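Okay, here's what each chain looks like letter by letter:
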Amino acid sequence: MTKSFRTLDDAELKGKRVLLRVDLNVPMDAGKVTDTTRLDRVAPTILEIADKGGKVIILAHFGRPKGVDPKESLRPVAAALAEVIKRPVGFAEDCIGEVAAAAIAKMQDGDILCLENTRFHKGEEKNEPEFVDELAKLGDLWVNDAFSAAHRAHASTEGVGHKLPAYAGRTMQLEIDALNKALEAPKRPVIAIVGGAKVSSKIDLLENLVSKVDALVIGGGMANTFLHAQGINVGKSLCEKDLAPTALRIIAKAEAANCAIILPVDATVAYHFAPNAPAFAYGLDSIPADGMILDVGPRSVARINAAIDDAATLVWNGPVGAFELHPFDAGTVAAAQHAAARTKTHKLVSVAGGGDTVAALNQAGVAADFTYISTAGGAFLEWMEGKPLPGVEVLRPQ
Ligand SMILES: Nc1ncnc2c1ncn2[C@@H]1O[C@H](COP(=O)(O)OP(=O)(O)O)[C@@H](O)[C@H]1O
Ligand SMILES: O=C(OP(=O)(O)O)[C@H](O)COP(=O)(O)O
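Residues numbered from 1 in each chain as written. Chains lettered and ligands numbered in written order. Predicted model: local features only at pLDDT ≥ 70, side-chain atom pairs only at ≥ 80, totals over all residues. Heavy atoms only, no water.

Further remarks concern the pattern of salt bridges. Inspection of every chain in the model, using the stated rule, returns 22 salt bridges. The closest approach of N and O atoms between Arg 21 and Glu 124, which form a salt bridge, is 3.5 Å. One end of the pair, Arg 21, is in strand β1 (residues 17-21); the other, Glu 124, is in helix α4 (residues 122-126), and 103 residues separate them in sequence. Residue Arg 21 is classed as buried on the basis of its relative accessible area of 0%. Several salt bridges converge on common partners, so that one network encompasses Asp 9, Glu 48, Lys 52 and Arg 170. (Salt bridge = Lys/Arg side-chain N within 4 Å of Asp/Glu carboxyl O. Helix = DSSP H or I, 4+ residues; strand = E, 2+ residues; numbered from the N terminus. Buried < 20%, exposed > 50% of the residue type's maximum accessible area, 1.4 Å probe, protein only.)

Following this line, the structure appears as structure tokens:
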């Protein structure tokens, strides 16, 4: 599949200003990167361009800021990237305009520069032509190595690819090859686990996913919206109540497609989100009004593990609990360990992806036991649905 793209093998890089789109949307805690998987994965592309004499100009987003927000700066991520690749990484406080142009003008061949969060400009997510032009004039060619952001038709993930010669980076190539290999003709039954907190941006894709998989486990923040839709009181849990009709539609579609929907049957509840906060297992008929569901409960874990036992292939995006803080990691860790053990005994092909999901599997110490770990979460699920990804399509020769 990747043969239909131009890759770094086809690019003349020496002396060129290479706009390199990567995904630096890494998990952070108190200003420190807590999982470097996405940085590790883009390192080969950065080093190859630099070593071939290109000027590496990194474009990336971080979080979902509304305008400029110092809390969502890429500066600490650029510093972490420098540690990973063991090379200096410069930083410019804007991704367009004079600040960016001046920093690029100072670059020598082989230098690496990270530009500030592209999402500080509203033109990024809107893919505005003026913003695309501002980005495009900073480079001679564009390399897309952000498979995990390829489902976004944003200026830096798609727009610039129409303005400059476009190439796939090494991670982009590897991801598509590996996913094709693992999932092109998946062994059935296929089970998907979808959790996490990005409810509104991921719920729609469940609608198509239910026709591709035999069972869908819904956990994490995503599950709360489904529970609420079924009339269950979820207290103060993360829940997007306005999406209840969507959740009910997905349940109906799953029934029509013969896809089993596996929702939590109990919950781990706390009254505040803090390390080692007192936590209690509740049945779904008795979630306290002032409590928050922060993990699936023990009976739900047993159900998830039994569903994994029935499957030949697992795809997973989104932790089933707020795994960053103990004890709310219990459900995710237990399911991850169970899937890893079955993969090791060749009973399961397991593919998991997403910035936080991979961090959770690393935390559980089992990422290496999975068949394949993708950097992508939402993009991987959209790929799974068979949807064209804008950041991939733009790489195909016109
Ligand atoms: N019940 C829950 N309540 C609140 N947050 C949750 C819950 N379950 C999971 N999360 C959060 O979901 C986040 C990950 O979601 P998401 O970004 O969708 O995953 P990924 O980055 O793997 O694609 C984590 O920060 C985790 O704490
Ligand atoms: O972290 C990402 O996706 P993921 O949460 O699906 O793994 C990507 O950087 C995309 O981020 P976005 O969902 O804010 O566009």
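The rest of the description comes next.
Quick look at the domain arrangement of the protein chain now. Domain annotation of the protein chain identifies domain 1 (8-170) and domain 2 (177-384). Domain 1 and domain 2 are separated by 31 Å when their C-alpha centres are compared. In this assembly, twelve residues from domain 1 lie in contact with 20 residues from domain 2. Taken together, the two surfaces of domain 1 and domain 2 that pack against each other cover about 1200 Å², and 54% of this comes from carbon and sulfur. Linking domain 1 with domain 2 are zero salt bridges, by the criterion used here. Put simply, domain 1 and domain 2 have five residue pairs in polar contact (both at pLDDT 80 or more) between them. Its residues assigned to classes, the side of domain 1 that touches domain 2 comprises three nonpolar, four polar and five charged. (Domains from an automatic or database assignment. Contact = heavy atoms within 4.5 Å. Buried area = accessible area lost by both parts, 1.4 Å probe. Polar contact = N/O pair within 3.5 Å; in protein donor to acceptor, adjacent residues only side chain to side chain. Nonpolar A, V, L, I, M, F, W, Y, C, P; charged D, E, K, R; others polar.)

Take the sheet that holds strand β14 (residues 292-296) next. The antiparallel open sheet is built from three strands, whose spatial order is β13-β12-β14. Where the open sheet ends on each side, the last strands, each with one partner, are β13 (279-283) and β14. Taken pair by pair, the neighbouring strands of this sheet meet at an average axis angle of 45°, ignoring direction. Strand direction decides the pairing type here: strand β12 (residues 266-270) and β13, joined by five bridges, are antiparallel. Of the residues in β13, the one forming a bridge with Val 269 is Phe 280. Against the sheet, helix α10 (residues 298-309) engages β12, β13 and β14, with an angle of about 35° to β14. (Pairing = 2+ DSSP bridges. Axes fitted to C-alpha atoms, helices over the stretch in contact; angles between N-to-C directions.)

As a further point, take the site of ligand 1. Taken together, 18 residues are adjacent to ligand 1, and Lys 202, Asn 317, Glu 324, Asp 356 and Thr 357 come closest. Between Ala 197 and ligand 1, the recorded distance is 3.0 Å, taken from a backbone N or O atom to an oxygen atom. One nitrogen or oxygen atom from the main chain of Gly 221 is found 3.4 Å from a nitrogen atom belonging to ligand 1. Protein contacts shield 87% of the accessible area of ligand 1, which totals 580 Å² for the unbound molecule. Examining the composition of the shell around ligand 1, we find that three residues originate from one element, helix α12 (residues 355-364), more than from any other. (Near = heavy atom within 4 Å. Areas by Shrake-Rupley, 256 points an atom, 1.4 Å probe, with all protein chains shown as cover.)

Bringing the UniProt feature "binding site: substrate" (unreviewed entry) in the protein chain into the picture now. Here, the residues flagged by UniProt with the feature "binding site: substrate" (unreviewed entry) are Asp 23, Leu 24, Asn 25, Arg 38, His 61, Phe 62, Gly 63, Arg 64, Arg 119 and Arg 152. Secondary-structure assignment places Phe 62 in the loop between β4 (55-59) and α2 (75-85). When near neighbours in sequence (up to four residues on either side) are disregarded, Phe 62 contacts Leu 24, Asn 25, Val 26, Met 28, Lys 71, Glu 72, Ser 73, Leu 74, Val 77 and Asn 117. Residue position: Arg 152 is located in the loop between β7 (141-144) and β8 (166-168). In terms of polar contacts, Arg 152 uses its side chain to reach the side chain of His 151, at 3.4 Å. (UniProt positions renumbered as here; feature names shortened; annotations may be inferred.)

All right, on to the environment of Pro 70 then. Here Pro 70 shows up in the loop between β4 and α2. Among the residues examined, Pro 70 registers a relative accessible area of 70% and is labelled exposed. When the C-alpha atoms of Pro 70 and Phe 120 are compared, they prove to be 9.6 Å apart, with 50 residues separating the residues in sequence.

The subject of this paragraph is the UniProt feature "binding site: (2R)-3-phosphoglycerate" (unreviewed entry) in the protein chain. Those places that UniProt annotates as "binding site: (2R)-3-phosphoglycerate" (unreviewed entry) correspond, in this numbering, to Arg 38, Arg 119 and Arg 152. As for its position among the elements, Arg 38 is in helix α1 (residues 37-51). Look past the residues within four positions of Arg 38 in its chain and what remains in contact with it is Asp 23, Asn 25, Val 26, Ser 148, Gly 354, Gly 355, Thr 375, Ala 376 and Gly 377. A distance of 3.5 Å separates a polar atom in the side chain of Arg 38 from a polar atom in the side chain of Asp 23. Taking the relative accessible area as the measure of exposure, Arg 119 reaches 6% and is therefore buried. A distance of 2.9 Å separates a polar side-chain atom of Arg 119 from the backbone oxygen of Gly 63.

A word on the sheet that holds strand β16 (residues 349-353). By way of backbone hydrogen bonds, the strands of a sheet pair with one another, either parallel or antiparallel. Spatial ordering of the open sheet is given by β11-β10-β9-β15-β16-β17, a layout of six strands whose pairing is parallel. Two strands lie at the open edges of the sheet, namely β11 (260-262) and β17 (372-374), each paired on one side alone. Looking at each pair of strands side by side, their axes are set apart by 15° on average, direction ignored. As judged from the three bridges shared by β16 and β17, these two strands associate in the parallel manner.

The immediate surroundings of ligand 2 are formed by 14 residues, with Arg 38, Arg 119, Arg 152, Lys 198 and Gly 378 found nearest. Within the contact set of ligand 2, an oxygen atom lies 2.5 Å away from a side-chain nitrogen or oxygen of Arg 152. In the complex, the protein chains occlude 95% of the 390 Å² of accessible area that ligand 2 would expose alone. Taken together, the residues of the shell around ligand 2 sort by class into no nonpolar, seven polar and seven charged. Looking at which domains feed residues into the shell around ligand 2, each of domain 1 (8-170) and domain 2 (177-384) supplies at least three.

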